[in-house]
Amino acid sequence: MKKIELINKAMELGFEDVGFASAESFESQREILASRKDEYSWLLSKGTDIFSGVDPKHFMSDASTIVVLIEV
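The structure contained in this document is the topic of the report that follows. (Residues numbered from 1 in each chain as written. Predicted model: local features only at pLDDT ≥ 70, side-chain atom pairs only at ≥ 80, totals over all residues. Heavy atoms only, no water.)

## A word on the overall build of the protein chain
So, step 1. Within the protein chain, the regular secondary structure consists of three helices and two strands.
So, step 2. Counting helices and strands in the order they occur from the N terminus, the protein chain gives α-β-α-α-β.
So, step 3. A principal-axis box enclosing the C-alpha atoms of the protein chain has dimensions of 45 × 30 × 20 Å.
So, step 4. Across the 72 residues of the protein chain, 12% fall into the buried class.
So, step 5. When the accessible area of the protein chain is evaluated, it comes to approximately 5,700 Å², of which 53% is carbon and sulfur surface.
So, step 6. Distance from the positive charge centre (8 side chains) to the negative charge centre (13 side chains) of the protein chain: 3 Å. (Helix = DSSP H or I, 4+ residues; strand = E, 2+ residues; numbered from the N terminus. Buried < 20%, exposed > 50% of the residue type's maximum accessible area, 1.4 Å probe, protein only. Areas by Shrake-Rupley, 256 points an atom, 1.4 Å probe, with all protein chains shown as cover. Lys, Arg positive; Asp, Glu negative; His and termini not counted. Charge placed at Lys NZ, Arg CZ, Asp CG, Glu CD.)

This is how it looks when you write it as C-alpha cells:
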C-alpha cells in the first residue's frame, strides 16, 4: 500500500491525522527511562522489561515504519 493510499483510508475511517516514523530504536527514550528508573521500580519489581518498548524491532523484527493514527 502506498503512503497516500494509507492516509486516504485513515481519513475515510475518521482518523484526524496520520503520521509516520522510522522503526529504528528510540535511544533518547531509553536514556529517559534509565534516568527515571526509580519512578518505574514498581514495574521492574514485577519483571517488566521497560526498555524493550523503545525498540519497535523487538516486537516486529522486519518493521521499517511506524504508522501513527490520531483520533480526537
